[in-house]
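These are the residues of each chain, in order.
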Amino acid sequence: MELALDPFVLGGQRYDVTPSHVAVRLAITRASGATVFELELDARVGGPCMRCLAQAELEVGVRARELHEASAPEDDELRSEYVVDEHLLVGAWARDAIVLGIPEKVLCRPDCAGLCPDCGADLNVEPHEHVERVADPRWAVLERLRAEL
């Protein structure tokens, strides 16, 4: 089946799934009175790099499983939060599974140098160092204290 996935926000940044419709494999089985849902999909996620803010593209493979026992109490772990009124919310489950599959740091490339802390230039495009740093006068008291220690 094909599923439409909306963009999502992660760490205050918007990420898009491309293409917006992805092929999803969904298997539903019964086990000991419970329903077992298995979800598989491969998606491409695009959004800002966490170091330089350039566009980053990732391939995310999702293999997820949910167990749902309809007779279990509401807050029991045997009840899936993705089953509401006997309907499986595949879109919400797929989005959450994709987010869990994204690495902790989304990078445009593994060796991304990020942005210069002084001038904000992209260090991947324009590698440089600032030779002389002007100290912020608000830190002068701490500098004197450090010199005394």
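All of these numbers come straight from a predicted model, not from anything done at the bench.

A. Molecular detail of helix H1 (residues 90–101). Taking 1.5 Å per residue as the helical rise, H1 with its twelve residues ought to reach 16 Å, and the 16 Å between its terminal C-alpha atoms agrees with that figure. Of the residues making up H1, those classed as buried are Val 90, Trp 93, Ala 94, Ala 97 and Ile 98. Projection of H1 onto a plane perpendicular to its axis shows the buried side chains occupying an angular sector of 135°, all on one side.

B. Focus on the nonpolar core. Membership of the largest hydrophobic core comes to 30 residues, with the highest contact counts inside it found for Val 17, Leu 39, Leu 41, Val 45, Val 62, Ile 98 and Ile 102. Secondary-structure elements contributing two or more residues to this core are strand E3 (13–18), strand E4 (21–31), strand E5 (34–48), strand E6 (55–68) and H1. Non-local contacts of Ile 102, meaning those with residues more than four positions away in its chain, are made with Phe 8, Leu 10, Val 45, Leu 58 and Val 60.

C. Region of interest: the packing of aromatic side chains. Counted by the stated rule, this structure contains two aromatic pairs. Aromatic side chains Phe 8 and Tyr 15 sit 6.1 Å apart centroid to centroid with 25° between the ring planes, which places their arrangement in the stacked category.

D. Structural view of the pattern of salt bridges. By the definition in use, this model includes 13 salt bridges. As a salt-bridge pair, Arg 25 and Asp 42 come within 3.9 Å of each other at their nearest N and O atoms. A residue pair is termed long-range when its members are at least 10 positions apart, and Arg 25 in strand E4 and Asp 42 in strand E5 qualify at 17 residues. Of the residues examined, Arg 25 reaches a relative accessible area of 41% and is grouped as partly exposed. Within the structure, one salt-bridge network assembled from shared partners comprises Arg 25, Glu 40, Asp 42 and Arg 63.

Rules used throughout
Residues numbered from 1 in each chain as written. Predicted model: local features only at pLDDT ≥ 70, side-chain atom pairs only at ≥ 80, totals over all residues. Heavy atoms only, no water. Helix = DSSP H or I, 4+ residues; strand = E, 2+ residues; numbered from the N terminus. Expected span 1.5 Å × (residues − 1). Buried < 20%, exposed > 50% of the residue type's maximum accessible area, 1.4 Å probe, protein only. Arc of directions from axis to C-beta. Core = buried A, V, L, I, M, F, W, Y, C linked by side-chain atoms within 4.5 Å. Contact = heavy atoms within 4.5 Å. Phe/Tyr/Trp six-rings, centres within 6.5 Å; stacked < 30°, edge-to-face > 60°. Salt bridge = Lys/Arg side-chain N within 4 Å of Asp/Glu carboxyl O.

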